[in-house]
Amino acid sequence: IAVGIDAKDGMVAVDGWTTVTKLDGVEFCSRVRDIGVKTVIYTDISKDGAMQGTNLVLYRTLTERFSMDIIASGGVSSLDDVRALRSLNLYGAILGKAYYTGAVDLKAAIEEAK
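Now for a quick tour of the structure. (Residues numbered from 1 in each chain as written. Predicted model: local features only at pLDDT ≥ 70, side-chain atom pairs only at ≥ 80, totals over all residues. Heavy atoms only, no water.)

With respect to the overall build of the protein
Step number 1: Within the protein one finds five helices and six strands.
Step number 2: Order of helices (α) and strands (β) in the protein, N terminus to C terminus: β-β-β-α-β-α-β-α-β-α-α.
Step number 3: Viewed in the frame of its principal axes, the protein has a C-alpha envelope of about 35 × 30 × 25 Å.
Step number 4: When the 114 residues of the protein are sorted by exposure, 36% land in the buried category.
Step number 5: Relative to all contacts within the protein whose residues are 6 or more apart in sequence, the contacts with residues 24 or more apart total 56%.
Step number 6: Carbon and sulfur atoms provide 50% of the accessible area of the protein, an area that totals close to 6,500 Å².
Step number 7: The protein carries 13 positive and 15 negative side-chain charges, and their two centres are separated by 2 Å. (Helix = DSSP H or I, 4+ residues; strand = E, 2+ residues; numbered from the N terminus. Buried < 20%, exposed > 50% of the residue type's maximum accessible area, 1.4 Å probe, protein only. Contact = heavy atoms within 4.5 Å. Areas by Shrake-Rupley, 256 points an atom, 1.4 Å probe, with all protein chains shown as cover. Lys, Arg positive; Asp, Glu negative; His and termini not counted. Charge placed at Lys NZ, Arg CZ, Asp CG, Glu CD.)

Here's the deal with the environment of Gly10
Step number 1: Among the secondary structure elements, Gly10 is positioned in the loop between strand 1 (2-8) and strand 2 (11-14).
Step number 2: Taking the C-alpha atoms as reference, Gly10 lies 20 Å from Ala84; in sequence the two are 74 residues apart.
Step number 3: Apart from residues no more than four positions distant in its own chain, Gly10 is found in contact with Leu23, Asp24, Gly25 and Tyr42.

Here's the deal with a nonpolar patch on the surface
Step number 1: There is a patch of nonpolar side chains on the surface, built from Tyr99, Tyr100, Leu106 and Ile110 and spanning about 440 Å² of accessible area.
Step number 2: Only helix 4 (97-100) and helix 5 (106-113) provide two or more residues apiece to the nonpolar patch.
Step number 3: Tracing the sequence through the fold places Tyr99 in helix 4. (Patch = residues over 30% accessible without salt bridge, like charges linked within 9 Å, V, L, I, M, F, W, Y side chains within 5 Å. Salt bridge = Lys/Arg side-chain N within 4 Å of Asp/Glu carboxyl O.)

Things to note about the side chain of Asp44
Step number 1: The topology assignment puts Asp44 in strand 4 (residues 39-44).
Step number 2: Given a relative accessible area of 5%, Asp44 falls into the buried group.
Step number 3: Within polar-contact distance, the side chain of Asp44 engages the side chain of Asn55 at 2.8 Å.
Step number 4: Ignoring anything within four residues of it in the chain, the contact list for Asp44 reads Ala7, Asn55, Leu58, Tyr59, Ser73 and Gly74. (Polar contact = N/O pair within 3.5 Å; in protein donor to acceptor, adjacent residues only side chain to side chain.)

Here we look at helix 1 (residues 25-34)
Owing to its 3.6 residues per turn, the α-helix aligns residues three or four sequence positions apart on the same side.
Step number 1: Within helix 1, burial applies to Gly25, Val26, Cys29, Ser30 and Val32.
Step number 2: Residues of helix 1 that are buried in the fold lie against strand 1, strand 2, strand 3 (19-24), strand 4 and helix 2 (56-65).
Step number 3: Where helix 1 begins, the capping side chain belongs to Asp24, and its oxygen is found 3.0 Å from the backbone nitrogen of Val26.
Step number 4: Of the residues trailing helix 1, Gly36 is marked for its positive phi of about 110°.

Written out as structure tokens, the structure reads:
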């Protein structure tokens, strides 16, 4: 089981990202870890689709604090982003708009992620 955590400005968002709760996203990671979740797909929705880079500070925090498999989602816009996420030893990263628009070559991204 992988749990998706969508957050805006650090707070969990629900209802198709239309409602931002008062629940801290990192704290929610603690909760799901404590019940046995091993994989989290964490989307920083303020970065998603913006093509302005990913939230490296957030993903560094998550990898330092948790021994879960963390998949970064939101903001990957270049091979530099892929390299930076790879340096954090994340479990994976989701490419969306950057791939669809041709900003990131998927084959090159896969090679960078190895």
